Amino acid sequence: MDKTVIFAVAGSGKTTHIVDSLSSDKRTLIVTYTVNNYNNLLVKIMEKFNGSWPDNIFIMRYFQFLYSFCYKPFLADRVKAKGITFETNPQQRLSQSKAAYYMTSNRYLYSNRLALLVGKMGVLNDINDRIKTYFDEFIIDEVQDIAGRDFTLLESLMETHVNMLFVGDFFSTYI
């Protein structure tokens, strides 16, 4: 299966490339990082398909994908979290083997530790299988915004036997 990475400067047509590559005969999952780009993709996809949403194309924001697609089907019954929080865990020195490392006392998962939890709980192969079962291609937009444990999760997902496209902004600095 093809795995492609595209880095280009902002405004160079990366989103247009994604939308142009979509077709009604491929089951596609698009994951993007920001709300603005999620909304931008929604509009452009609707325009491409003459105002109607194709049944074979799914779009999610990154943490929506992480929580509802990766965590919930495999770990919700075991971990019993109520949802996700974007707060920082004030207990920075906890062991990764403690539940409090991953979730609040009210049972909300820390967003910055959810990808690590998914990996530690041993469900990466299940996630890969789930992607392969439901989709022919997997597109990550704004990949430059994904780092650390979240990027490690994406590296694991690259093992999935579907076509993948990773698109992101290339930043250059001038001295």
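Residues numbered from 1 in each chain as written. Predicted model: local features only at pLDDT ≥ 70, side-chain atom pairs only at ≥ 80, totals over all residues. Heavy atoms only, no water.

A.B. asks: Help me understand the packing of helix α3 (residues 62-79) against helix α7 (residues 148-157), please; the structure alone is not making it clear to me.
C.D. replies: What describes two packed helices is the angle between their axes and the distance between those same axes. One way to put it is that α3 packs onto α7 with a least axis distance of 13 Å and a crossing angle of 65°. The crossing of α3 and α7 is left-handed. Contact residues: Tyr62, Phe65 and Leu66 in α3; Asp150, Leu153 and Leu157 in α7. When its residues are assigned to classes, the contact of α3 with α7 shows five nonpolar, no polar and one charged. (Axes fitted to C-alpha atoms, helices over the stretch in contact; angles between N-to-C directions. Helix = DSSP H or I, 4+ residues; strand = E, 2+ residues; numbered from the N terminus. Left-handed = near helix turned anticlockwise from the far one by under 90°. Contact = heavy atoms within 4.5 Å. Nonpolar A, V, L, I, M, F, W, Y, C, P; charged D, E, K, R; others polar.)

A.B. asks: How should the side chain of Asp141 be read in this particular structure?
C.D. replies: Here Asp141 lies in strand β6 (residues 137-141). The buried charged residue Asp141 lacks any salt bridge, with Lys14 as its nearest oppositely charged partner at 6.7 Å. Apart from the residues lying within four places of it in its own chain, the contact partners of Asp141 are Thr15, Ile18, Val31, Thr32, Tyr33, Asn37, Leu41 and Val167. (Buried < 20%, exposed > 50% of the residue type's maximum accessible area, 1.4 Å probe, protein only. Lys, Arg positive; Asp, Glu negative; His and termini not counted. Salt bridge = Lys/Arg side-chain N within 4 Å of Asp/Glu carboxyl O.)

A.B. asks: Help me out: how do you make sense of the packing of α3 against helix α6 (residues 124-134) in this one?
C.D. replies: Closest axis-to-axis distance for the α3/α6 pair is 10 Å, and the angle between their directions is 115°. One finds that α3 runs roughly perpendicular with respect to α6. Crossing of α3 against α6: the hand is right-handed. Of the residues in α6, those touching α3 at Phe65, Ser68, Phe69, Cys70, Pro73 and Phe74 are Asp126, Ile127, Arg130 and Ile131. (Parallel < 35°, antiparallel > 145°, perpendicular 65-115°, else oblique.)

A.B. asks: Whenever I open this one, the environment of Phe74 confuses me. Can you help?
C.D. replies: Summarising the element assignment, Phe74 is placed in helix α3. Accessibility expressed as a relative area gives 23% for Phe74, which makes it partly exposed. Note: C-alpha distance between Phe74 and Met121 (47 residues apart in sequence) is 9.3 Å. Residue contacts for Phe74: discarding those within four places in its chain leaves Phe69, Val123, Asp126, Ile127 and Arg130.

A.B. asks: Looking at this model, I keep getting lost on the sheet that holds strand β3 (residues 57-61). Mind explaining?
C.D. replies: Backbone-to-backbone hydrogen bonds join strands into a sheet, with any given pair of strands oriented parallel or antiparallel. Taken in spatial order, the five strands line up as β1-β7-β6-β2-β3 in an open sheet, and their pairing is parallel. On the outer flanks of this sheet lie β1 (3-8) and β3, each paired with one strand and no other. Taken pair by pair, the neighbouring strands of this sheet meet at an average axis angle of 15°, ignoring direction. As paired elements, β6 and strand β7 (residues 163-169) share five bridges and run parallel to each other. Bridge pairing links Ile139 to Leu165 in β7. Seen against the sheet, helix α2 (residues 35-48) touches β2 (28-32), β3 and β6 and runs at an angle of roughly 165° to β3. (Pairing = 2+ DSSP bridges.)

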